[in-house]
Structure formats: C-alpha cells, structure tokens
Amino acid sequence: MNLRPLVPIAVALLLLTGCTAPASTTDTAASASPSAAATAEPTEEVVVTPLDLAGEWKQTNSKSADAYQTATITGEQITIDWVNDAEATKAVYWIGSYVPPTEYTESYSWDSQGDVAQMETAIMASGDSAKSFTYQDGVLTYELTALGVTMTVEMNRQ
C-alpha cells in the first residue's frame, strides 16, 4: 500500500487542528465581556498634594519701594520681618506657629500663636499673642497694627 498520497492530507489535518484550538481563558473572557477588558486596563491615579505655602514672601502693598515686610514659612513656623533697603536693616515683626494644610485647597487660613519669648526683646515686634493669616489666589494676607493704624498686608511668594 502506497501511503504517499495520504501524507499531504495528514499535514493539512495537523495544520487545521492547530488553528482551531480553543482560545485561552483570558482571551475568551476578554472577548465575551468588553467590560472585563476595560477593567483590566491600568487606570491613572490622580495624586493630590496639600497646598504648600513654605518659602519666601514679600509685601506687595507697601507705600514705599524700599520699606516693606517679608515672611519666611518653614516647617511649622512663620517669621515676618520689617525690611528697610535704604538703611540696609531688618527687624523682627512676628515669629509664630504655622499649621500647614493637610489636603489640597484653593484657599487656607490659620491662627498663628506668637513666640512671645522671642518677640519680647524685638523693638519692632508685634505685641499680639496670636495673629490670623489667610492665603487665597496666590496672596498671603494678615492684619498689621503699628502706631495705632491697622492695615491688611498682602504678600506674594518670591
């Protein structure tokens, strides 16, 4: 018996059975349920960081170009100084607590408790034991009273 004519038929059967094998279980699940494929895709996680006010700030509403206030916010402290560029002097106005935000926000307010021990020897320091600060639209504000006059100081980050 001559088997040569059967060889092409056997090869064709092997090739066809390889092509008709059932799909893997993951391919079957993905093709059966489009939502299963959608949930398998990685999602982009949005990380929201708390508002960070740390850094250097400078008064923007001073009536003098060479006399103004600056603030430094670091960790849990805010320090505000009087600056006089014409006389190259700097004097402490406020040293107090800073309570940083714990979540992202567009505006923020906190009550700073003054470090009275450090401010009591500074001749230009505030006599207040607490001061309220507000941040909104990129501007840090607080009330300043000197020589019986009260004004709102506005500062921008430097």
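Anyway, here's the lowdown on the structure attached to this text.

What counts as what
Residues numbered from 1 in each chain as written. Predicted model: local features only at pLDDT ≥ 70, side-chain atom pairs only at ≥ 80, totals over all residues. Heavy atoms only, no water. Pairing = 2+ DSSP bridges. Helix = DSSP H or I, 4+ residues; strand = E, 2+ residues; numbered from the N terminus. Core = buried A, V, L, I, M, F, W, Y, C linked by side-chain atoms within 4.5 Å. Buried < 20%, exposed > 50% of the residue type's maximum accessible area, 1.4 Å probe, protein only. Contact = heavy atoms within 4.5 Å. Salt bridge = Lys/Arg side-chain N within 4 Å of Asp/Glu carboxyl O. Axes fitted to C-alpha atoms, helices over the stretch in contact; angles between N-to-C directions.

## Overview of the pairing of strand β1 (residues 55–59)
- As paired strands, β1 and strand β2 (residues 67–74) are joined by four bridges and run antiparallel to one another. Counted as the bridge partner of Glu56 is Thr72 from β2.
- The pairing of β1 with strand β8 (residues 149–157) spans three bridges and is antiparallel. Bridge pairing links Lys58 to Asn156 in β8.

## What about the nonpolar core?
- Ranked by internal contacts, the top residues of the largest apolar core, which has 22 residues, are Leu53, Ile78, Ile80, Trp110 and Leu140.
- Beyond its immediate stretch of four places on either side in the chain, Ile78 contacts Thr72, Ile73, Trp94, Ile95, Gly96, Ser97, Tyr98, Trp110, Ser112, Phe133 and Leu140.

## Considerations on the pattern of salt bridges
- Under the counting rule described, the total for this entry stands at two salt bridges.
- Close ionic contact of Asp81 with Lys90 constitutes a salt bridge, the shortest N to O distance being 3.8 Å.

## Comments concerning the sheet that holds strand β5 (residues 107–113)
- With respect to topology, eight strands assemble into an open sheet ordered β4-β3-β2-β1-β8-β7-β6-β5, the strand pairing being antiparallel. The open sheet terminates on both sides in strands that have one partner only, identified here as β4 (89–97) and β5. With direction set aside, neighbouring strand axes in the sheet form an average angle of 25°.
- Bridge count between strand β7 (residues 139–146) and β8: eight bridges; the pairing is antiparallel. The residue of β8 that forms the bridge with Ala146 is Val149.

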